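# Architecture and fold: a report
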Amino acid sequence: FFFKQKTAYEIKECDWSSDVCSSDLSPDCDTKLIGTGPFQLKSFDPSTGDVSVVRNKGYWRKGFPKADGINWKVQGDSVQRLNGLQGGQFDVIHTSGGKDMKTAKSFSGVKVTQEPAGYREISQMLINVTRAPFDDANARKALALAQNRAALAAVGNPGAALANQVVDSKVLGYVKNPGYPTKQNVAQAKKLVKQYKAAHGGKFEFNLQSTFDPTTQALAAEVKRQAAQVGIKINLPQPVDQAAIINQAIGGQVDSFLWRNYPGADPDTLYVWFHSGSPVNFNKINDPVIDKALDDGRSELDPAARKADYQTFVKQMSSQVYNYWSWYTDWFIATKGVNGVLGPNLPDASGKPGKDKPADVLVGFHSLLGLTKK
């Protein structure tokens with residue numbers, strides 16, 4: 001991605017894909033951004049992540065955006081997000097989970113706009129398959145068989161639809177039965193654990209990293225409890241923020257962590273997450289079946305053949321238990337005293353808003369053009 005920075009003397013170009021701007025550019029080009037979008041940067045606090053933007057008076061679409069400005073506040077605790085909405089600290093919050101949604105709907109004057117089914121991301125326990133015990137296929141299967149996923153969902157997202165693969169039902173490549181061990185089988189799990197321990201000095205142990213979010217920590221505790229019933233020891237290190245977990249995953253320095261990702265879109269968007277050699281292949285998967293399916297899928301022109309490629313990919317991911325799929329995450333936007341979360345539609349040839357349905361919420365993302373205070 002590129003943006004242009006205007007100086008007193010010339011126009012300079014900064015490559016936003018790099019960590020820092022080139023030495024021949026202004027030293028603050030990475031924090032003092034300009035652009036042609038509906039809003040322009042007013043301030044950015046790197047220590048908190050808080051951002052303030054103001055209306056771009058030169059925006060190409062006449063009459064938009066409606067808001068004079070937006071202040072983004074980073075709040076990693078879901079309870080505090082809800083408290084902030086109810087107490088008036090926040091006008092809009094982006095969050096997920098059936099428990100939080102139920103709470104938000106109970107607030108007076110709050111409107112909830114929910115992400116539609118079929119394109120949701122998947123909550124999961126992500127594992128590094130190059131580290132013991134997850135470098136062993138039977139060990140991965142043992143933990144899957146030990147899990148009561150309905151009980152896990154009751155902690156993390158009550159009422160959620162359970163997932164058994166890396167895509168939701170309306171995404172190309174979805175398979176009804178992809179081969180993931182969905183039913184708890186404690187006896188079989190104990191048998192596989194015994195076999196693994198016999199071959200590894202009597203040890204079946206790993207670390208499960210989590211964030212500071214209380215729901216996430218409760219979920220990690222439940223995963224640990226279920227695993228202990230079949231003889232698997234899970235250590236819960238001190239919680240850290242999500243950025244730290246991502247850095248650990250990129251460096252291959254974490255056994256497992258609780259995660260959600262892969263929202264509905266073209267399945268080629270999954271290439272970077274699972275193709276061998278990708279820096280954000282957090283699982284460190286190196287599977288020729290997956291590589292070929294992803295390569296073929298992004299180059300195939302025939303729709304039927306392309307669907308088959310991605311079904312191969314989905315089935316390999318599930319049957320090899322490269323991740324522990326939990327449920328489809330229910331993202332929602334909760335607002336108080338705010339209108340215009342959806343839309344407006346893009347203009348038609350006459351310049352007026354088209355008749356297509358406004359873009360739905362997808363993983364907490366939505367249009368900002370129509371946001372107004374009541």
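The structure under discussion appears in the preceding block.
Rules of the game
Residue indices begin from 1 for each chain and proceed along its sequence in written order. Note on the predicted model: pLDDT of at least 70 is required for a residue's local features to be given, and 80 or more for side-chain atom pairs to be given and counted; whole-chain, interface and lining totals, by contrast, use all residues. Side-chain metrics rest on all non-hydrogen atoms present in the structure, leaving aside hydrogens and water. Where helices and strands are cited, they refer to DSSP runs of H or I of at least four residues and of E of at least two residues respectively, numbered from the N terminus. Accessible area is worked out with a 1.4 Å probe on protein chains only. A residue is then buried under 20% of its type maximum, exposed over 50%, and partly exposed in between. In this analysis, two residues are considered to be in contact whenever any of their non-hydrogen atoms come within 4.5 Å of each other. Using the Shrake-Rupley algorithm and a 1.4 Å probe, accessible areas are obtained, with residue cover drawn only from the displayed protein chains. Think of a salt bridge as a Lys or Arg side-chain nitrogen and an Asp or Glu carboxyl oxygen that are within 4 Å of each other. Under this scheme, a helix contributes an axis fitted over its contacting stretch, all axes are lines through C-alpha atoms, and angles between N-to-C directions fall in the 0 to 180 degree range. Should an angle fall under 35 degrees it is called roughly parallel, over 145 degrees roughly antiparallel, and 65 to 115 degrees roughly perpendicular, with every other angle called oblique. Each helix crossing is assigned a hand: it is left-handed if the near helix lies turned anticlockwise from the far helix by less than a right angle, otherwise right-handed if that turn is clockwise. Residue classes follow a fixed rule: Ala, Val, Leu, Ile, Met, Phe, Trp, Tyr, Cys and Pro count as nonpolar, while Asp, Glu, Lys and Arg count as charged, and any other residue, Gly among them, counts as polar. Here, a strand pair is defined by DSSP locating no fewer than two bridges between the strands.

Turning next to the overall build of the protein chain. Check the secondary structure of the protein chain and you find ten helices and 15 strands. Considering the protein chain as a whole, with its 374 residues, one finds that 43% of them fall into the buried category. The contacts of the protein chain with a sequence gap of at least 6 include a subset with a gap of at least 24, amounting to 68%. Total accessible area on the protein chain is roughly 19,400 Å²; 52% of this is exposed by carbon and sulfur atoms.

Under the criterion given, the structure shown has eleven salt bridges. Asp330 is the partner of Arg120 in a salt bridge, and the nearest nitrogen-oxygen pair spans 3.4 Å. Here Asp330 lies in the loop between β12 (323-328) and β13 (331-336) and Arg120 lies in the loop between β7 (110-114) and β8 (122-127), a separation of 210 residues in the sequence. By relative accessible area, Arg120 is classed as buried at 10%. With a relative accessible area of 10%, Asp330 lands in the buried category.

Between helix α3 (residues 137-146) and helix α5 (residues 186-199), the least distance of the axes is 8 Å, while the angle of their chain directions is 150°. Taken together, the axis directions place α3 and α5 in an arrangement best described as roughly antiparallel. Helix-helix and strand crossings are classified by hand; for α3 and α5 the assignment is left-handed. On α5, the residues touching Asn138, Ala139, Lys141, Ala142, Leu145 and Ala146 of α3 are Val186, Gln188, Ala189, Leu192, Val193 and Tyr196. Among the residues making up the contact of α3 with α5, the classes are represented as nine nonpolar, two polar and one charged.

With respect to the helices and strands, the residue Thr95 is situated in strand β6 (residues 92-96). In contact with Thr95, not counting residues within four places along its chain, are Ser78, Arg81, Asp100, Asp330, Trp331 and Phe332.

So, about the pairing of strand β3 (residues 39-44). Bridge analysis of β3 against strand β4 (residues 51-55) gives five bridges, and the strand direction is antiparallel. Opposite Gln40, over in β4, you have Val54 as the bridge partner. Counting the residues between successive antiparallel strands, the hairpin from β3 to β4 contains six residues, one of them, Gly49, with a positive phi of roughly 85°.

In space, the five strands of this open sheet follow the order β10-β9-β11-β8-β12, with mixed pairing throughout. The open sheet terminates on both sides in strands that have one partner only, identified here as β10 (233-235) and β12. With strand direction ignored, the average angle separating the axes of adjacent strands in the sheet is 30°. Both β8 and strand β11 (residues 256-261) contribute to a ladder of six bridges, which runs antiparallel.

In space, the three strands of this open sheet follow the order β3-β4-β5, with antiparallel pairing throughout. Edge positions in the sheet fall to β3 and β5 (69-72), since each of these pairs with one other strand and no more. If you compare each strand with its neighbour and ignore which way they point, the axes differ by 20° on average.

Let us look at unusual backbone geometry. Pro65 follows Phe64 through a cis peptide bond whose omega is -5°. Phi at Lys284 is positive, roughly 60°, even though this residue is not glycine. Assignment of secondary structure puts Lys284 in the loop between α8 (271-274) and α9 (288-299). What makes Lys284 partly exposed here is its relative accessible area of 22%. Its identity is not glycine, yet Val321 carries a phi of approximately 50°, on the positive side. With respect to the helices and strands, the residue Val321 is situated in the loop between α10 (303-319) and β12.

Secondary-structure assignment places Thr335 in strand β13. Excluding anything up to four places from it in sequence, Thr335 contacts Leu85, Asp91, Val92, Gly109, Val110, Lys111 and Val341.

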